Amino acid sequence: MDSLELRFFLFAVSTSAIYFAVTAIPNKNAALEERVVQLKQLSSHRSIIQLDNRKFNYYVKSVPRNYSIIIMLTALQSQRLCSSCSEASSEFEIVANSWRQSLAFSSALFFAMVDYDDSSDIFNTLHVGAAPAFIHFPPKGKRQPGDIMAIDSFGFSAEAIAKFVNDRTGIKIAIIRPINYVAAAPVLLAVVLLATLVYLKLDDLDFFYNKSIWAIATLAFILTMTSGQMWNYILDAPFVHRNPESGETLYVHPWSDSQLVVETYIVFALNAAVVIGIILLNEASAVKTDIGKRRIVALIGLGSVMFFFSVLMVIFRSKS
């Protein structure tokens, strides 16, 4: 092959390489657009997309991607004895539904689920040996250690999952929980009891002018609101959190923007103890009795305020 033929050959090879490289870009873009359209259609029927091996390879592992996917790996079949999987699945669905109802909803984020009995190969591929697990697949680059949610530290409440999504994608999801009609039953019962009391006491309404009754009722209302009972009613917070791996039961949620039902009861009791201490301090200075008794009452009140307020601070500082 002489120099002229060699140059012609190199020119042909270079031209072909450039042609295939240029034509491959539109093909990749078309494939990406097709995947996004299909993901939109799937998520329009249900906020969580069910993945098998084929869908996982096509929607999650295929490149390029311009969207994030949050995948929950679970084992919902009863024979798997995963007591926390069902609860975690419900919380995950709340997050996915909240995202679909959000004004910021877009094709930048999708939610998917893999059940072990349907696609155990995916568990093996991702080296996941326990369920439930939540993994973020970013649009570009490889997964980082932080893309696996640490549910042993933060739990799997909808608020915790939403915070994980925000940390990994920058997308903030406002959690919208369905109305809990069972939780409204105590409020309805209280209204009925109050109405019954008023009906039976129509001929004697002096208790309405009793300052002590109104003071106790007002204090109870304030303690209820400041301890987070309304949060429990609105967001249907879990009573306690059980670590799915260690089995440890948590009574205080580790995150500052979430809480447990039992935690609000603890805060209620501590706030009440602080209030009682303040009342004792006030009574010790106002009541004219033996100075020794007043001093004892004042010391008990001061000790109550200092001790229980310190416990409150310890609880609040333990939440990140």
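The structure under discussion appears in the preceding block.
Computed from a predicted structure; not experimentally measured. Residue positions are given per chain, counting from 1 as you read along its sequence in written order. pLDDT decides what is reported in this predicted model: residues at 70 or higher carry local features, side-chain atom pairs at 80 or more are listed and counted, and totals for whole chains, interfaces and linings draw on all residues regardless. Neither water nor hydrogens contribute to the side-chain values; these are computed over all heavy atoms in the structure.

(A) Molecular detail of the nonpolar core. Throughout this description, the term nonpolar core refers to a set of buried Ala, Val, Leu, Ile, Met, Phe, Trp, Tyr and Cys residues connected via side-chain atoms within 4.5 Å. Summary of the burial criterion: residues with accessible area below 20% of their type's maximum are buried, those above 50% are exposed, and those between are partly exposed, where the area comes from a 1.4 Å probe applied to protein chains only. Grouped together as the largest cluster of nonpolar side chains are 26 residues, with contacts concentrated most on Phe92, Leu109, Phe111, Phe134 and Ile173. Each helix corresponds to a stretch of at least 4 residues labelled H or I by DSSP, and each strand to a stretch of at least 2 residues labelled E; elements are numbered beginning at the N terminus. At the level of secondary structure, the elements contributing two or more residues to this core comprise strand E2 (68–74), helix H3 (83–101), strand E3 (109–115) and helix H6 (158–169). Should any heavy atoms of two residues lie within 4.5 Å, those residues are counted as being in contact. Look past the residues within four positions of phenylalanine 92 in its chain and what remains in contact with it is Ile48, Ile70, Met72, Phe111, Ala112, Met113, Phe134 and Ile161. Among the nonpolar cores identified, the runner-up in size contains 22 residues, and Leu39, Tyr59, Ala112 and Phe123 belong to it.

(B) Representation of the packing of helix H10 (residues 261–286) against helix H11 (residues 291–317) within the structure. The geometry of H10 relative to H11 is characterised by a closest axis approach of 8 Å and an angle of 155° between their N-to-C directions. In terms of axis orientation, H10 runs roughly antiparallel to H11. Pair H10 / H11 crosses with left-handed handedness. Axis geometry follows a simple rule: fit a line to the C-alpha atoms, using only the stretch in contact for helices, then measure angles between N-to-C directions, giving values from 0 to 180 degrees. The scheme is simple: roughly parallel for angles under 35 degrees, roughly antiparallel for over 145, roughly perpendicular for 65 to 115, oblique for anything else. Here a crossing is taken to be left-handed if its near helix is turned anticlockwise relative to the far helix by less than a right angle, and right-handed if that turn runs clockwise.

(C) Fine view of the side chain of glutamate 263. As for its placement among the helices and strands, glutamate 263 is situated in helix H10. Contacts of glutamate 263, omitting those with residues within four sequence positions, involve Tyr251, Val252, His253, Ser258 and Lys319.

(D) Layout of H6. Multiplying 1.5 Å by the residue count of a helix minus one yields the expected span of that helix. Given a rise of 1.5 Å per residue, twelve residues ought to cover 16 Å, and the 16 Å separating the end C-alpha atoms of H6 matches this to within 8%. Positive backbone phi, at 80°, marks glycine 170, one or two positions downstream of H6.

(E) Geometry of the packing of aromatic side chains. In this analysis, rings of Phe, Tyr and Trp, with Trp reduced to its six-membered ring, are considered paired at centre separations within 6.5 Å, and the interplanar angle assigns stacked below 30 degrees, edge-to-face beyond 60, and tilted for intermediate values. Within the structure shown, the criterion is met by eight aromatic pairs. Note on phenylalanine 92 and phenylalanine 111: the rings are 5.6 Å apart at their centroids and 70° apart in plane angle, and the pair reads as edge-to-face. With a gap of 19 residues between them, phenylalanine 92 in helix H3 and phenylalanine 111 in strand E3 connect regions that are remote in the sequence. Overall, phenylalanine 92 belongs to the buried group, its relative accessible area being 0%.

(F) Representation of the pairing of E3. Extensive coverage of E3 is indicated by the burial of seven of its seven residues. Judged by which residues are buried, E3 turns out to be covered on both faces: Leu109, Phe111, Met113 and Asp115 on one side and Phe110, Ala112 and Val114 on the other are all buried. Of the pairings in the sheet, the one linking strand E1 (residues 48–50) to E3 comprises three bridges and is parallel in character. Each residue of the ladder has a partner; that of glutamine 50, found in E3, is methionine 113. Strands are labelled as partners when DSSP assigns at least two bridges between them.

(G) Summary view of the pattern of salt bridges. Salt bridge, as used here, is a side-chain nitrogen of Lys or Arg placed within 4 Å of a carboxyl oxygen of Asp or Glu. Within the structure shown, the criterion is met by four salt bridges. Two residues, arginine 177 and glutamate 91, come together in a salt bridge whose shortest N-O distance is 2.7 Å. Placement of arginine 177 in the loop between H6 and helix H7 (181–200) and of glutamate 91 in helix H3 is noted, with a sequence separation of 86 residues between them. Residue arginine 177 is classed as buried on the basis of its relative accessible area, which comes to 9%. With a relative accessible area of 10%, glutamate 91 lands in the buried category. When salt bridges that share partners are traced, they join Glu91, Glu159 and Arg177 into one network.

(H) Region of the structure containing the packing of helix H8 (residues 211–226) against H10. At a closest axis distance of 9 Å, the pairing of H8 and H10 adopts a crossing angle of 135°. On the basis of the axis angle, H8 is oblique to H10. Note that H8 runs across H10; the crossing there is right-handed. Of the residues in H10, those in contact with Leu219, Ala220, Leu223, Thr224 and Thr226 of H8 are Phe268, Asn271, Ala272 and Val275. Side-chain classes are defined by residue name, with Ala, Val, Leu, Ile, Met, Phe, Trp, Tyr, Cys and Pro counting as nonpolar, Asp, Glu, Lys and Arg as charged, and the others, Gly among them, as polar. When its residues are assigned to classes, the contact of H8 with H10 shows six nonpolar, three polar and no charged.

By themselves, these observations are geometric and do not establish any function.
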